[in-house]
Amino acid sequence: MISIRNVSKSFGRFQALRDVSLDIGAGEFFSLLGASGSGKTTLLRLIAGFEGVSAGTIAIDGHEMQDVPPHLRPINMVFQNYAIFPHLNVRDNIAYGLPRLGIPRAEQHRRVDEMLELIALPGYGDRRANQLSGGQQQRVALARALILKPRVLLLDEPLGALDKQLREQMQLELRGLQRRLGITFILVTHDQEEALTLSDRVAVMANGEVIQVDTPAGLYDQPRNRKVAAFVGTMNFFDATIRGEGASLRAEIAGLGPQPLATSRRAGERVLIAVRPESLTLSTTRPDSPQPAVAGRIEARQYLGGRQILHVAVAGRAEPVAVATLALRGEDPWQGSEGRPVWLSWGPGALSVLDPD
Amino acid sequence: MSAADPAAPVRPGALTRFLHRHEGWRGHLLLAPALLLMAAAILFPLGMTLAMSTWSLAGYDIDRTPGLGNYAAMVENPMFGALILRTLTIALTSTLFTVILVYPVAYYVAFHVTRHKALWLILLTLPFWTSYLLRVFSWRVVLGQEGVINSALMGLGLIDSPLSFLLYSQTAVTIVLAHSWAAFAILPIYVSLEKINRSWLEAAADLGDGPVRRFWRITFPLSLPGVVAAFILMFVPTMGEYITPLMVGGPDSMMVGNLVQAMFGPMNNWPAGAALAVVMMVTIALAGLVFLLLNRLVQR
Amino acid sequence: MARYAGFHRPNRPLALYAAVFAVVLYLPILLIPVFSFNSGVFVRFPLEGFTFGWYADLFQREPLIRAFWNSVKVACFVSLLSTLIAVPAALAIARYRMPGKAPAVAFMMLPLVLPGLILGVALLTLLNRMGVTLSLVTVALGHMVICLPYAISVLLPRFIGFNRALEEASADLGEPPLRTFWRVTLPCNYPAILACLLMTFTLSFDEFFMAFFLSGAEPTLPMYIWSQLRFPRDFPSLLALSSLILLFSFALIFASLRLARIGDPAQPESGR
C-alpha cells in the first residue's frame, strides 16, 4: 500500500538516506528499527511529508505523494513528544482536524466522546491538555490522529518518554488497537524489543540504508549480517573460512574447530558464523558423537533472575562464548561453577552463516 | 485527512509542489518583504549618497559631473581632520567611560541577583527605549547654570557661583552620551558574564584562589568578548551623534554629525554633506574592523 | 574553609554601587515630572509651588494636539506594518535552512548599529533625487527601517524556542500553512507578537533622529518639542508634555518587555 522507491535525502552535505526502497502492506504493523542517526526518523518524516525527498518516489495506494505537502496526505502521525496543543483542552485537541472535513458540531462531539472511551479517558474532555500526565497526553495524541480515520498511522518513538511499566502496557494497547482498527501502523523505534513485540514486519536501518526487512522471527533466526544480528538480540560471532566441497564442505571456525555446514558458499570464502546463546548447551561430560562438541572452561556466570548467561572460554578464540540457560530454583547445576571444565554443544541449524564484516 | 474520500487525494498545484520540495525557497519567500524593504531603504539610499558625494554645488543647483572634489576639499582643509579626530576622541572616551562604569552593575546582576534578574535588566534598559530627545533634554535641565545640580549645590551652600563646565562642554557631552547609550553597553557584558560556568569559579576557589584573583584570572578574561561587543555597539552610534552635542555641547564639542547635519540643513551643500557622511561611514567601518580583530584576539 | 560562604556573601559595596547607578540613570528623567508641577517658570531649586496649570495649558495648544495625532498615526502604521513583515521574516529565519541566511540576517540587523544620522541622511538623499516631497509618509518609511530589526529580534527568540512539532501536528491533521499559523502559531505566541506591536509603536512614537531629516510640513510630536525648545518661557509646558510622554512610553515598553518573556519555556523564569 505504501511504496517507497529509491528514496534519498540529504541535508546540505550530510546524507541521511541512501537509495531506500520499501513496500509496506495495508493493515500491517511495520517498524523501522535502528540506532540514532540511522535515518529511520527521517524516513518517517518523508512519509509524513514534513521534509521533501532529494530523490525517489513515495506512493500511497498507487498515488505519488513525495511532492504533496503534509496537510494533503491521508496520513496522520503521533509525535515523539506528543505535540499536544497547550492552548486547547482535551476535547478541542482531539477534534482539531474535524472542522475542516465539514462535520457538524453535534457529530464532532459524538466522535470525540467515542474516542475518549477508546483511549480510556472518559470525562477528560474539558481538562487543559497540558495538565495531563505523559501517558495520558500520549493517548490524546493517538485519539487526535485516529479520529480522522487515516489509512496510515505513523508513530515516532511514541513510548520513549514513558517508564518501563507504562511502556509495556502501552505496547500491548497499541498492538490491540491496531488489530482492532485494521489500519497500517508504521512505528519508529530504537528499542529492538519493542519492534519485535509489536510488529508484523521490521526494517532494520543503519547509516541511512535498510539492511534487512523481515518478520521478527526471521530477523532473529536469519539475520543478514553482524549489524542486524547484533541489533536484534545478543549473539555469538565466530570468524570462519569455508574449506572443501561437496560432502566434505565445512567451515573452519575459530574456537569451534572444523564443522560440517550446508551452505552455498564456496571454499576459500571468509564468513561470519553466528550462534544464539540459547542454541548452545553445556554438559560436564562429552556428548556422544555425532553431536558436535568443543571443550572449554567456564569463566564467568551472569545471573539474570530465572535465566543465566555462562561465559565459556574455548581454545582458538580470545572472547568467551556466551551460553544462555535457565536458572530454576533448586535445579541449578551451574551454580558456583566458575573454573570448571565443560563441553559445549549445539543442535542442527544453530549455526547461521553471515557475510563477513 | 480522512478516508472519507476513497478517490485520489487532492493533487496540489505546481507551485505548492515546488515549494514543498525546496525548503530554502519557502524561507526566502517569507523573508522577501523584510529583505526587500531593507534593501530599498538601506542599499539604494547609501548608493545614492555615494553618488551624490561625487557631485558638487553650483550656485543653487547641483552639478552632477562626478568628481572627487568634495573629498579633496576635506583632505586639504585641516579642520576636517581635526573634527574627525575630536569626534573619535569623544566617542572613545564616552564609550570607555561607560563600559567601565557599567561593568560592575552588569557583574552585580549576573552574580549577585538571584531572584529578579529579568526585572533588573528591564529596569536598567527601560530608559533607552523611550524618547532620546527627552533624555538629552532632561540632562540640560540637570546640568544647566540655573539647573538642578547647580541650584541644589548653591542652595546647600557648597558652591558660590554656578559651575559652568557642567553644561555646554565636552564634559557634558561625554556624560550625556554615557547615559544615553549605557543600555547598549550593559546587555552584552551581562550576557557574557551570565554565561560563565559557575563551577569553574568554584573549582578555582577550591584550589586556593581568593575572590579578587578569581575575578582577574577567570571572570574578567571570559567576559572580554562581551566587553568588546559593548564597545562596538556603543561606539558606532556615538560616532554618529549630533543631537547631544547640539543640546548640551559647546563650540569645542561639536562632532562630525553636527557638520553633516549643517550641510544638509542651513548650509545646503548636500554633495559635501554626502561626502562627509561617506567618510564617517568609512571611519566607523574601520573602527569596527579594529574592534572585530580585537575580538578575535580575545577569543583565543 | 567556608568557600560557599564566599560565593554567597552579599557584596554590600557592589550592591550599593548598582543601586546608585540605577538612581543616577533615572534621576534626570524623573526630574522632568517633578518640575512639571512646579509653578515657577525656571527649572531650578527651590521649588516654588504646586500646579496643574502647565498640564492644562497643553490641551489648549492646537499645533501640539495635531503633532500628537500625527505621531499616533505614524506609530500605528509603522507598528502594524513592521510587525506584519517581521512575523513571517522571523518565522523563516527560525524555521528554514536557506542559502545565504546568515549574511541576509546580518544585513537586516544593520540599522541597529548604524548611526541614525547616516540612515536619515542617505534616505533623504534618495527621496530628494526621486522627487518625493517629505511628509509623514517619508517619516514612516524611516521609522520602518529602524523598527523592523527590533521587531525581528523580539520575535526571533520566541519562534526559535517554539516547538515546531506543534505546527507539524497541525499540518499533519489537515490544516494548510495559513490556517496552521492562525490556529496554532499565533495563539501560542501572541505575547511576543503583542510585545512587538507595543515596542515598535513606542519606538516610532518617540523617534527623533530620522524624523529630523525626513519630516515635511506636518511635524511629529518629537519634532514639535524640538521646535519649541527655543522658547524658554514655555519650558514648563514642555516638561508637562514630556512627563506625559515618558509615562506613556515607560508603561508601553514595560508591558512589552514583560510580555516578551511570559510563558517562554526555554528561559528559566527568574523571580516571577
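**Some remarks on the overall build of chain B**
Item 1. Tallying secondary structure elements over chain B gives 13 helices and two strands in all.
Item 2. Computed over C-alpha atoms, the radius of gyration of chain B comes to 26 Å, more than 25% over the 19 Å expected from 2.2 N^0.38 for 300 residues, which places it beyond the range of a compact globule.
Item 3. Once the C-alpha set of chain B is aligned to its principal axes, its extents read approximately 95 × 75 × 40 Å.
Item 4. Split into buried and exposed, the 300 residues of chain B put 42% on the buried side.

**Re the overall build of chain C**
Item 1. Each helix and strand in chain C was counted, giving 12 helices and zero strands.
Item 2. Moving toward the C terminus, one meets the helices and strands of chain C in the order α-α-α-α-α-α-α-α-α-α-α-α.
Item 3. Within the span of chain C, comprising 272 residues, buried residues form 46% of the whole.

**Re helix 8 (residues 170–194) of chain B**
All names here are of chain B.
Item 1. With 25 residues, helix 8 extends 34 Å between its outermost C-alpha atoms, agreeing within 8% with the 36 Å of an ideal straight helix rising 1.5 Å per residue.
Item 2. Most pronounced at Trp181, the bend in helix 8 amounts to some 55°.
Item 3. Most of helix 8 sits inside the fold, with 21 of its 25 residues counted as buried.

**Side note on helix 4 (residues 134–146) of chain A**
All names here are of chain A.
Item 1. Given a rise of 1.5 Å per residue, 13 residues ought to cover 18 Å, and the 18 Å separating the end C-alpha atoms of helix 4 matches this to within 8%.
Item 2. Among all positions of helix 4, only Gln137, Gln138, Arg139, Val140, Ala141, Leu142, Ala143, Arg144 and Ala145 are buried.
Item 3. Here the buried face of helix 4 lies against strand 6 (75–78), helix 2 (90–94), helix 3 (105–118), strand 7 (152–156) and helix 5 (164–181).

**Quick notes on the sheet that holds strand 1 (residues 2–11) of chain A**
Residue and element names in this part refer to chain A.
Item 1. On the basis of which strands lie adjacent, the open sheet formed by four strands has the order 2-1-4-5 and antiparallel pairing. Only two strands of the sheet have a single partner each, and these edge strands are strand 2 (14–24) and strand 5 (63–64).
Item 2. Here strand 4 (residues 55–60) pairs with strand 5 via two bridges, running antiparallel. Counterpart to Ala59 in the pairing with strand 5 is Glu64.

**Looking at the sheet that holds strand 16 (residues 293–303) of chain A**
All names here are of chain A.
Item 1. With antiparallel pairing, five strands are arranged side by side in an open sheet as 15-19-16-17-18. Each having just a single partner strand, strand 15 (280–283) and strand 18 (321–326) make up the two edges of the open sheet. The sheet shows a mean angle of 45° between the axes of neighbouring strands, direction not considered.
Item 2. Taken together, the five bridges between strand 16 and strand 19 (residues 341–346) define a ladder with antiparallel strand orientation. Within strand 19, the residue paired with Gly296 across the bridge is Val342.

**Things to note about the interface of chain C and chain B**
Item 1. Across the boundary between the two partners, chain C contributes 73 residues, which contact 73 residues of chain B.
Item 2. Counted by class, the side of chain C that touches chain B contains 56 nonpolar, 10 polar and seven charged residues.

**Brief notes about the environment of Leu155 of chain C**
All names here are of chain C.
Item 1. Residue placement: Leu155 occurs in helix 7 (residues 136–161).
Item 2. C-alpha of Leu155 to C-alpha of Ala195: the two residues are 40 residues apart in sequence and 8.7 Å apart in space.
Item 3. In contact with Leu155, not counting residues within four places along its chain, are Ala86, Val87, Ala90, Ala192 and Cys196.

**Structural notes on the environment of Leu187 of chain B**
Residue and element names in this part refer to chain B.
Item 1. Here Leu187 shows up in helix 8.
Item 2. Residue Leu187 is classed as buried on the basis of its C-beta count, with 20 C-beta atoms lying within 10 Å.
Item 3. Linking Leu187 and Ala230, residues 43 residues apart in sequence, is a C-alpha distance of 7.7 Å.

**Quick notes on the packing of helix 5 (residues 117–129) of chain B against helix 12 (residues 235–259) of chain C**
Item 1. Running from amino to carboxyl end, helix 5 of chain B crosses helix 12 of chain C at an angle of 130°, the nearest separation of the two axes being 10 Å. With respect to their mutual orientation, helix 5 of chain B and helix 12 of chain C come out oblique. Judged by the sense of rotation from one axis to the other, the crossing of helix 5 of chain B with helix 12 of chain C is right-handed. Taken together, the residues of helix 12 of chain C that come into contact with helix 5 of chain B (itself represented by Ile122, Leu126 and Trp129 of chain B) are Phe250, Ile253, Phe254 and Leu257 of chain C.
Item 2. Of the residues that constitute the contact of helix 5 of chain B with helix 12 of chain C, the class distribution is seven nonpolar, no polar and no charged.

**As for the nonpolar core**
Item 1. By size, the foremost hydrophobic cluster in this structure holds 159 residues, and its most contacted members are Ala106, Ala185 and Ile186 of chain B together with Ala86 and Leu148 of chain C.
Item 2. A total of 16 residues in this core trace back to one element, the largest contributor, which is helix 8 of chain B.
Item 3. When residues no more than four places from it in sequence are discounted, the contact partners of Ala185 of chain B are Thr98, Val99, Val102, Ala230, Leu233 and Met234 of chain B.

**With respect to the pairing of strand 4 of chain A**
Residues and elements named next belong to chain A.
Item 1. Here strand 1 runs beside strand 4; their pairing, made up of five bridges, is antiparallel. Among the inter-strand pairings, Ile4 is bridged to a residue of strand 4, identified as Ile58.
Item 2. In this antiparallel pair of consecutive strands, strand 4 and strand 5, the connection spans two residues, and Asp61 shows a positive phi of 55°.

**Some thoughts on the pairing of strand 1 of chain A**
Residues and elements named next belong to chain A.
Item 1. For strand 1 and strand 2, the ladder comprises seven bridges, and the chain directions are antiparallel. Its bridge partner being in strand 2, Ile4 is matched across the sheet by Leu22.
Item 2. Hairpin connection of strand 1 to strand 2: two residues between the antiparallel strands, including Gly12 at a positive phi of 65°.

**Details of unusual backbone geometry**
All names here are of chain A.
Item 1. Not every positive phi belongs to a glycine, and Asp19 is a case in point at roughly 45°.
Item 2. Of note, Asp19 is situated in strand 2.
Item 3. Given 14 C-beta atoms within 10 Å, Asp19 falls into the partly exposed group.
Item 4. Its identity as a non-glycine residue notwithstanding, Glu157 has a phi of 40°, on the positive side.
Item 5. Position of Glu157 among the secondary structure elements: in the loop between strand 7 and helix 5.
Item 6. Note on Glu157: 19 C-beta atoms within 10 Å, which makes it partly exposed.

**Re the confidence of the model for chain B**
Item 1. Averaged over every residue, the pLDDT of chain B is 82; the share at 70 or more is 94%.
Item 2. Counting contacts from residues 1–7 of chain B, a segment whose pLDDT is below 50, to residues more than four positions away or on other chains yields 15 contacts.

**Section: the environment of Arg97 of chain C**
Item 1. Among the secondary structure elements, Arg97 of chain C is positioned in the loop between helix 4 (62–95) and helix 5 (101–108).
Item 2. When the C-alpha positions of Arg97 of chain C and Gln60 of chain C are compared, they lie 56 Å apart, and in sequence the two are 37 residues distant.
Item 3. Sequence-distant contacts of Arg97 of chain C, defined by excluding residues within four places in its chain, comprise Glu23 and Gly24 of chain B.

What counts, and where the lines are drawn
- Residues numbered from 1 in each chain as written.
- Chains lettered and ligands numbered in written order.
- Predicted model: local features only at pLDDT ≥ 70, side-chain atom pairs only at ≥ 80, totals over all residues.
- Helix = DSSP H or I, 4+ residues; strand = E, 2+ residues; numbered from the N terminus.
- Rg over C-alpha atoms; globule rule 2.2 N^0.38 Å.
- Buried ≥ 20, exposed ≤ 12 C-beta atoms within 10 Å, placed from the backbone.
- Expected span 1.5 Å × (residues − 1).
- Bend = angle between axes of the 7 residues up to and from the residue.
- Contact = placed C-beta atoms within 7 Å.
- Pairing = 2+ DSSP bridges.
- Axes fitted to C-alpha atoms, helices over the stretch in contact; angles between N-to-C directions.
- Nonpolar A, V, L, I, M, F, W, Y, C, P; charged D, E, K, R; others polar.
- Parallel < 35°, antiparallel > 145°, perpendicular 65-115°, else oblique.
- Left-handed = near helix turned anticlockwise from the far one by under 90°.
- Core = buried A, V, L, I, M, F, W, Y, C linked by C-beta atoms within 7 Å.
- pLDDT = per-residue confidence, 0-100.

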